[in-house]
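Results of the structural survey
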Amino acid sequence: MNERVKCLIIGSGPAGYTAAIYASRANLSPVLYEGIQPGGQLTTTTEVENFPGYPEGITGTELMEDLKKQATKYGADARSGIATSVDFSSNPKKVVIDGEKTIEADAVIISTGASAKYLGLPDESKYAGMGVSACATCDGFFYRKKTVAVVGGGDTACEEAIYLSGLAGKVYLIVRKPSLRASKVMQDRVLKNEKIEVLFETNTLGLFGDNGVEGAHLVKRAGESGEEKFDIAIDGFFLAIGHKPNTDIFAGQIDLDEVGYIKTVPGTPKTNVAGVFAAGDVADPHYRQAITAAGSGCQAAIEAERYLSALEG
Ligand code: NDP
């Protein structure tokens, strides 16, 4: 069963819906598939206070519902379904949905996002939205003058620990190795910061608390002779152990970097395949914000419109 569309958008975060708003207003009649997590990563955060236009803040879910409403108002066709394979080797491009239906599209906008990595502890889901977060920029504000922990030893963890030290009273950085992986300059900043205490060779065993996170059970040098188990009192637990871009189905079809992020022509949403564009976190390991994703969704739709005009012209 095949269906032919002009513009197909894969993914329903701020990038996908913004692309849908622009593409529908440009008469491209875009079809958008929402993917595994309709609304994307924002639906897993609580209050969004840094998206321009919402001075009182808005929940992630409401923000995504608003964006969806705005896209469908102008004719975007938002559907539930997951892209399971793609073939970009010829025109039109082919995208299989839920393993059964094939959509043929002249232009494809990929906005499948990225997923934060978690440690895999049951307590991470137990306290989701109640003290566990994978985004300091999103949620740090709720921990003013409180005590938080950040897990990870890379640039993201250091950046998040430094950011949180500007808000929180104290920040623990939980690092599994005896050293940080982050760049030298970030390491120096962390180690010089009086509000940050680095706990090297330490892993998290679990979290505790009655009404949200109140502390973490940790172990130092697990399995070694000097193994030491101890608890810390914290109000927030931030994961910063990396993100995984959701690009498995695009491997071999478009250029990805060594981590799996889609490579784009710098400053544009263009991939190495004409007519295929990438927007949002799927092509952005650096900023990862709703507003930057929305901005790149807009760029992708404008480029798709130009590509389609040239194709028709
Ligand atoms: P990285 O992969 O660089 O670091 C991940 C960190 O998490 C490592 O310290 C790793 O430990 C730790 N980790 C992974 N899994 C676990 C686990 N299960 N338990 C405990 N710790 C774990 O990811 P980042 O997100 O930090 O950075 C991604 C890329 O983006 C990098 O190239 C980075 O340089 C770049 N970046 C640059 C920034 C900048 O220039 N301002 C800011 C942010 C990111 P271990 O070291 O033991 O493997």
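Residues numbered from 1 in each chain as written. Predicted model: local features only at pLDDT ≥ 70, side-chain atom pairs only at ≥ 80, totals over all residues. Heavy atoms only, no water.

Taken in spatial order, the 5 strands make up an open sheet running β10-β17-β11-β12-β13, and their pairing is parallel. Of all strands in the sheet, those with a lone pairing partner are β10 (132-133) and β13 (196-199), marking the two edges. Examined bridge by bridge, β10 and strand β17 (residues 236-239) share 2 bridges and lie parallel to one another. Bridge pairing links Val132 to Phe237 in β17. (Pairing = 2+ DSSP bridges. Helix = DSSP H or I, 4+ residues; strand = E, 2+ residues; numbered from the N terminus.)

A word on helix α5 (residues 155-165). Listed as buried for α5 are Ala157, Cys158, Glu160, Ala161, Leu164 and Ser165. Summarising the axial view, the buried residues of α5 lie within an arc of 165°, below the 170-degree limit, and thus occupy one face. (Buried < 20%, exposed > 50% of the residue type's maximum accessible area, 1.4 Å probe, protein only. Arc of directions from axis to C-beta.)

The subject of this paragraph is the domain arrangement of the chain. Size of an interface: often given as the accessible area lost when the parts come together. For the chain, the assigned domains are domain 1 (2-115 + 243-312) and domain 2 (118-239). Each of domain 1 and domain 2 was reduced to a C-alpha centroid, and the two centroids are 32 Å apart. Taken together, the contacts link 8 residues of domain 1 with 8 residues of domain 2. Roughly 630 Å² is buried in total at the junction of domain 1 and domain 2, and carbon and sulfur atoms are behind 47% of that figure. Here domain 1 and domain 2 share 0 salt bridges between them. Linking domain 1 to domain 2 there are 1 residue pair in polar contact (both at pLDDT 80 or more). When its residues are assigned to classes, the side of domain 1 that touches domain 2 shows no nonpolar, 5 polar and 3 charged. (Domains from an automatic or database assignment. Contact = heavy atoms within 4.5 Å. Buried area = accessible area lost by both parts, 1.4 Å probe. Salt bridge = Lys/Arg side-chain N within 4 Å of Asp/Glu carboxyl O. Polar contact = N/O pair within 3.5 Å; in protein donor to acceptor, adjacent residues only side chain to side chain. Nonpolar A, V, L, I, M, F, W, Y, C, P; charged D, E, K, R; others polar.)

In this section: the sheet that holds strand β14 (residues 202-208). Ordered in space as β14-β15-β16, the 3 strands form an open sheet in which the pairing is antiparallel. Whereas interior strands pair on both sides, the edge strands pair on one side only; in this sheet they are β14 and β16 (228-233). Between one strand axis and the next, the sheet turns by 25° as a mean value, whatever way the strands run. The sheet contact formed by β14 and strand β15 (residues 215-220) spans 6 bridges and is antiparallel. Within β15, the residue paired with Leu207 across the bridge is Ala216. (Axes fitted to C-alpha atoms, helices over the stretch in contact; angles between N-to-C directions.)

For the rest of this paragraph, the subject is the state of the cysteines. In the structure shown here, the tally under the stated rule is 1 disulfide. Shown here is the disulfide that connects Cys135 with Cys138, its sulfur atoms set 2.0 Å apart. With the S-S dihedral at roughly 75°, the linkage between Cys135 and Cys138 falls on the right-handed side. With a relative accessible area of 13%, Cys135 lands in the buried category. Of all cysteine sulfurs, the one in Cys298 lies closest to Cys7, which takes part in no disulfide; the gap is 13 Å. Judged by its relative accessible area of 0%, Cys7 falls in the buried class. Free cysteine: Cys158, not disulfide-bonded; nearest cysteine sulfur from Cys135 at 16 Å. In this structure Cys158 comes out as buried when scored by relative accessible area, which is 0%. (Disulfide = S-S within 2.5 Å.)

Applying the stated criterion to the full structure yields 4 aromatic pairs. Ring centres of Phe51 and Tyr54 lie 6.3 Å apart, and the angle between their planes is 50°; this geometry places the pair in the tilted category. On the accessibility criterion, Phe51 (11% relative accessible area) is buried. Judged by its relative accessible area of 25%, Tyr54 is partly exposed. Here the aromatic rings of Phe88 and Phe250 are separated by 6.3 Å at their centres, their planes lie at 15°, and the arrangement is stacked. Separated by 162 residues along the polypeptide, Phe88 in the loop between β6 (83-87) and β7 (93-97) and Phe250 in the loop between β18 (243-245) and β19 (276-278) bring together distant segments of the chain. Across this residue pair, the class does not change: Phe88 and Phe250 are buried. It is Arg25 that lies over the ring of Tyr74; its NZ or CZ is 5.1 Å from the centre. (Phe/Tyr/Trp six-rings, centres within 6.5 Å; stacked < 30°, edge-to-face > 60°. Lys NZ or Arg CZ within 6 Å of the ring centre and 35° of its normal.)

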